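# Inside the fold
Chain by chain, the residues run as shown.
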Amino acid sequence: SQTIHQWPATLVQPVGSPLSLECTVEGTSNPNLYWYRQAAGRGLQLLFYSVGIGQISSEVPQNLSASRPQDRQFILSSKKLLLSDSGFYLCAWREGLAEAFFGQGTRLTVV
Amino acid sequence: QKEVEQNSGPLSVPEGAIASLNCTYSDRGSQSFFWYRQYSGKSPELIMSIYSNGDKEDGRFTAQLNKASQYVSLLIRDSQPSDSATYLCARDRGQNFVFGPGTRLSVLP
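Keep in mind that this is a model prediction, so the values were computed, not measured.

This brings us to the side chain of Ser79(B). Residues and elements named next belong to chain B. With respect to the element layout, Ser79 can be found in the loop between strand 8 (71-76) and strand 9 (85-93). Judged by relative accessible area, Ser79 falls into the buried class, the value being 0%. Among the polar contacts made by the side chain of Ser79, one reaches the main-chain carbonyl oxygen of Ala17 at a distance of 2.9 Å. Not counting chain neighbours up to four residues away, the residues in contact with Ser79 comprise Val13, Pro14, Glu15, Gly16, Ala17, Ile18, Ala19, Arg60 and Val107.

Residues and elements named next belong to chain A. Pairing within the open sheet is antiparallel, and its 4 strands lie in the order 1-3-8-7. Edge positions in the sheet fall to strand 1 (3-7) and strand 7 (65-70), since each has one partner strand and no second. In this sheet, adjacent strand axes meet at a mean angle of 20 degrees when their direction is disregarded. In terms of strand pairing, strand 7 meets strand 8 (residues 73-78) through 4 bridges, oriented antiparallel. Bridge pairing links Ser67 to Ile75 in strand 8.

In this complex, chain B contributes 20 residues to the contact, which on the side of chain A involves 22 residues. Here chain B and chain A share 1 salt bridge between them. Note that Glu59(A) is salt-bridged to Arg93(B), the shortest N-O span being 2.8 Å. Seen at the junction of chain B and chain A, the total is 8 residue pairs in polar contact (both at pLDDT 80 or more). Among the secondary structure elements, those contributing two or more residues to the side of chain B that touches chain A are strand 4 (33-38), strand 5 (45-50), strand 9 and strand 10 (96-99) of chain B. Looking at the side of chain B that touches chain A residue by residue, the class counts come to 9 nonpolar, 8 polar and 3 charged.

Conventions and cut-offs
- Residues numbered from 1 in each chain as written.
- Chains lettered and ligands numbered in written order.
- Predicted model: local features only at pLDDT ≥ 70, side-chain atom pairs only at ≥ 80, totals over all residues.
- Heavy atoms only, no water.
- Helix = DSSP H or I, 4+ residues; strand = E, 2+ residues; numbered from the N terminus.
- Buried < 20%, exposed > 50% of the residue type's maximum accessible area, 1.4 Å probe, protein only.
- Polar contact = N/O pair within 3.5 Å; in protein donor to acceptor, adjacent residues only side chain to side chain.
- Contact = heavy atoms within 4.5 Å.
- Pairing = 2+ DSSP bridges.
- Axes fitted to C-alpha atoms, helices over the stretch in contact; angles between N-to-C directions.
- Salt bridge = Lys/Arg side-chain N within 4 Å of Asp/Glu carboxyl O.
- Nonpolar A, V, L, I, M, F, W, Y, C, P; charged D, E, K, R; others polar.

Below you can see the structure in the form of structure tokens.
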């Protein structure tokens, strides 16, 4: 069966520090991969998605970037965090046009 | 017009009642629709997907899709306090999804 791993679960980072969040999927090949952000009490905002290795589509211009160095690995990065980057970051995967499944999320607090 | 609209709630129903959650969307080309449940502080979990007009039932949950009216709903029968959560409606948009803002459901004991 397919599983998705996302870490860390919580993170507190100072303003201006770098960020790296990692997501890996097991049990599937060539999944579509997604990064979402959810601000407190708000809906899901799609940040990036990828349909294959090295293919990244950005939905919202911002302080973040994403990379897909391997088929089942998706990384979210920032060189310098802003206070506004705080939120709940969710990785998700999908096979074709079927349902998406989410990882457990990373709660990021920028201080 | 927002791509996916939901009433933010809270929607309060007594235990044992039917909870009705509604969602409208603006893109007539959408083919796939999904309902997710999100408990506070947790990630969304899939409840049901629906692709064709009509009803789809899974246990206490029934999804209803009306593409002509651009409307999708989720009915929860015999609501339980454990159903208290935010329910997210989503539709496909090519390779990705568009989520609604979610409806907060509170089931009162």
